[in-house]
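These are the residues of each chain, in order.
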Amino acid sequence: MLINLCTNARQAIGDEHGRITIRLSERKAADQPVGKSVVPHGSDVLLDLGVSDTGCGIDKETLEKIFDPFFTTKKKEQGTGLGLAVVHGILQKHKGEIKITSTVGVGITVHVYLAADGRKVDKKSKSVRRSRRQ
Ligand SMILES: Nc1ncnc2c1ncn2[C@@H]1O[C@H](COP(=O)(O)OP(=O)(O)OP(=O)(O)O)[C@@H](O)[C@H]1O
Ligand SMILES: [Mg+2]
C-alpha cells in the first residue's frame, strides 16, 4: 500500500521540488473521524497512516474515479490505473478505510485507517506484536 501511495506522490510532484510526508499514529476508536465506517471493527485502537504530498493535486471529478480499476490520468508507460484499486482491495479485506482530500496545485493527503485489533505497540522495540490472550 505504502509503495503505491508513495509512487503516486512522487509522480504527482514530478520533476519539481516537493515533499512527501508519511505519518503513523494511533487513535482511540472512540475518537475516530471516519463516521459510520466499518473501522475499527471491534478494536479500541485505530491506526492512522497518513501520506501527503505537495504535488499537482486531484480535482473533484477525478477524485470520484481514482479507485476504479484501470482508471489513470497518466501516460501508458507511467501508469496502469491499478495502484489505488489494489490499495482499496487490501483495505476491504482488512476492514479498513481510505480517505483522500486534495487541493489542485497544492497536493493531496491520504489517510488509511486500520483496526489494530488484538495488537499492542511494543514501545521498546518499536514493533507491533500480537498480544497474548490467556
Ligand atoms: N498523489 C496523487 N496526486 C495526484 N493525483 C493522484 C495521486 N494519486 C493518485 N492520483 C490520481 O489517481 C489516478 C489513479 O491512481 P492509481 O495509483 O490507481 O493509478 P496510476 O498511478 O495511474 O497507475 P499505477 O498505480 O497502476 O501505476 C492517477 O492516475 C492520478 O490521476
Ligand atoms: Mg499509482
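A. Molecular detail of the sheet that holds strand S1 (residues 20-28). As summarised here, the arrangement of the four strands in space is S1-S2-S4-S3, forming an open sheet in which the pairing is antiparallel. Both edges of this open sheet fall to S1 and strand S3 (97-103), since each of them pairs with a single strand only. Each adjacent strand pair in this sheet contributes to an overall mean axis angle of 15°, direction not counted. In this structure, S3 lies alongside strand S4 (residues 107-115), joined through seven bridges in antiparallel fashion. Looking across to S4, one finds that Ile100 is bridged to Val110. In the packing of helix H1 (residues 2-13) onto the sheet, the strands contacted are S1, strand S2 (45-53) and S4, and the crossing angle to S2 comes to about 25°.

B. Representation of the pairing of S1 in the model. Of all nine residues making up S1, only zero are buried, and the element is barely covered by its neighbours. Strand direction decides the pairing type here: S1 and S2, joined by nine bridges, are antiparallel. Bridging from a neighbouring strand, Arg27 pairs with Leu46 of S2.

C. Here's a closer look at the site of ligand 1. In the vicinity of ligand 1 there are 23 residues, among which Asn8, Ala12, Thr72, Gly79 and Gly83 approach most closely. Of all the secondary-structure elements, those providing two or more residues to the shell around ligand 1 are H1 and helix H3 (83-93). Considering every element that reaches the shell around ligand 1, the biggest residue donor is H1, with four residues. Of the residues contributing to the shell around ligand 1, the split by class is ten nonpolar, eleven polar and two charged.

Criteria and thresholds
- Residues numbered from 1 in each chain as written.
- Chains lettered and ligands numbered in written order.
- Predicted model: local features only at pLDDT ≥ 70, side-chain atom pairs only at ≥ 80, totals over all residues.
- Pairing = 2+ DSSP bridges.
- Helix = DSSP H or I, 4+ residues; strand = E, 2+ residues; numbered from the N terminus.
- Axes fitted to C-alpha atoms, helices over the stretch in contact; angles between N-to-C directions.
- Contact = placed C-beta atoms within 7 Å.
- Buried ≥ 20, exposed ≤ 12 C-beta atoms within 10 Å, placed from the backbone.
- Near = placed C-beta within 6 Å.
- Nonpolar A, V, L, I, M, F, W, Y, C, P; charged D, E, K, R; others polar.

These values are about where atoms sit, not about what they do.
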